[in-house]
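# Structural overview for review
Here is what each chain is made of, one letter per residue.
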Amino acid sequence: MPLSDPAPRRKVHTRRVTCEGFRRDDGLLDIEGRITDVKTYEVPNKFRGEIKPGEPIHDMSIRLTVDDDLTIHAVEAVTDFGPFEICPAITGNFQRLKGVRIGPGWRKKVLSSLGGAEGCTHLVELLWPMATTAYQTLYGERSRLRRERGEREPEREGTPPLLNSCHAFGESSPVVKEIWPDYYKEPA
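Residues numbered from 1 in each chain as written. Predicted model: local features only at pLDDT ≥ 70, side-chain atom pairs only at ≥ 80, totals over all residues. Heavy atoms only, no water.

## Focus: the pairing of strand β1 (residues 13-23)
Regular strands place their side chains on alternate faces of the sheet. Where β1 and strand β2 (residues 29-39) come together, eleven bridges link them in antiparallel fashion. Note that in β2 the partner of C19 across the bridge is G33. Between β1 and β2, which pair antiparallel one after the other, the connecting turn spans five residues, and G27 there sits at a positive phi close to 95 degrees. (Pairing = 2+ DSSP bridges. Helix = DSSP H or I, 4+ residues; strand = E, 2+ residues; numbered from the N terminus.)

Next up, the structure:
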């Protein structure tokens, strides 16, 4: 269902965040993210001069190369457009992510090494949807390969990790009743 019709308005800003996952021929995964910010009006900028409407104020990208445990093996971060001359100089700090595992504590690890003046607000923000993209890429790919081989999903011990993680996986939802009946609870 689309959003309802808006009140009369005019567009002033567009932020685009794109994240993609790739399986490399060597078995690793590349997770790529890009963030752009564009205005519909001219923006004065001391470093770049007038930034024209439609020209990116920010255009930044990251590639994380991870293994099937989501441990980072390689990092590339670039700033193609930024509002200040020094913006691209911080991208080297993102090498600090090598060896870090995307999983529990991910945000805390990122912020402890790249928060504040040690990083770039926009590139750090981009890491959050990239982590989700890494999960979606890895687990979706694993499920697809199992289906192609005619294998069933493996049985898990204990509480399903997604239980109560959202409305659909709430313990009283029909989804849980169908896929994890042992964990289903009648609505109160």
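## Some words on the environment of P44
Secondary-structure assignment places P44 in the loop between β2 and β3 (56-66). Spatially, the C-alpha atom of P44 lies 17 Å from that of D59, the residues being 15 residues apart in sequence. When near neighbours in sequence (up to four residues on either side) are disregarded, P44 contacts G49 and E50. (Contact = heavy atoms within 4.5 Å.)

## Description of the sheet that holds strand β4 (residues 72-81)
What the four strands build is an open sheet, ordered β1-β2-β3-β4; its pairing is antiparallel. Of all the strands in the sheet, just β1 and β4 have a single pairing partner and so form its edges. The sheet shows a mean angle of 10 degrees between the axes of neighbouring strands, direction not considered. As paired elements, β3 and β4 share eight bridges and run antiparallel to each other. (Axes fitted to C-alpha atoms, helices over the stretch in contact; angles between N-to-C directions.)

## Notes on the side chain of D59
Mapped onto the secondary structure, D59 falls in strand β3. Overall, D59 belongs to the buried group, its relative accessible area being 6%. Within polar-contact distance, the side chain of D59 engages the side chain of R34 at 2.7 Å. In this structure D59 touches R34, I35, T36, V78, T79, D80 and F81, once residues within four positions along its chain are discounted. (Buried < 20%, exposed > 50% of the residue type's maximum accessible area, 1.4 Å probe, protein only. Polar contact = N/O pair within 3.5 Å; in protein donor to acceptor, adjacent residues only side chain to side chain.)

## Topic: the nonpolar core
Of all hydrophobic cores here, the largest spans 29 residues; its most connected members are I62, L64, F94, L97, I102, W106 and L127. Taken together, the elements giving at least two residues each to this core come down to β2, β3, β4, α1 (106-114) and α2 (121-148). In terms of residue count, the dominant contributor to this core is α2 (nine residues). Those residues in contact with L64, other than ones at most four positions away along the chain, are L29, D30, I31, I72, A74, V75, L97, I102, W106, L127 and M130. (Core = buried A, V, L, I, M, F, W, Y, C linked by side-chain atoms within 4.5 Å.)

## Regarding α1
Taken together, the buried positions of α1 are W106, V110, S113 and L114. One side of α1 carries all its buried residues, which in axial view fall inside an arc of 80 degrees. Residues of α1 that are exposed and point more than 90 degrees away from the buried face comprise K108 and S112. Looking at the buried positions of α1, the neighbouring elements they touch are β3, β4 and α2. Phi for G116, located one or two positions after α1, is positive at around 60 degrees. (Arc of directions from axis to C-beta.)

## What about the pattern of salt bridges?
Under the definition given, this model contains 15 salt bridges. A salt bridge links R63 to E32; its shortest N-O distance comes to 2.7 Å. With a gap of 31 residues between them, R63 in strand β3 and E32 in strand β2 connect regions that are remote in the sequence. Between E148 and R144 there is a salt bridge, and its shortest N-O distance comes to 2.4 Å. Placement of the pair is E148 and R144 together in helix α2, with a separation of four residues, close to one helical turn. When salt bridges that share partners are traced, they join R15, D37 and E125 into one network. (Salt bridge = Lys/Arg side-chain N within 4 Å of Asp/Glu carboxyl O.)

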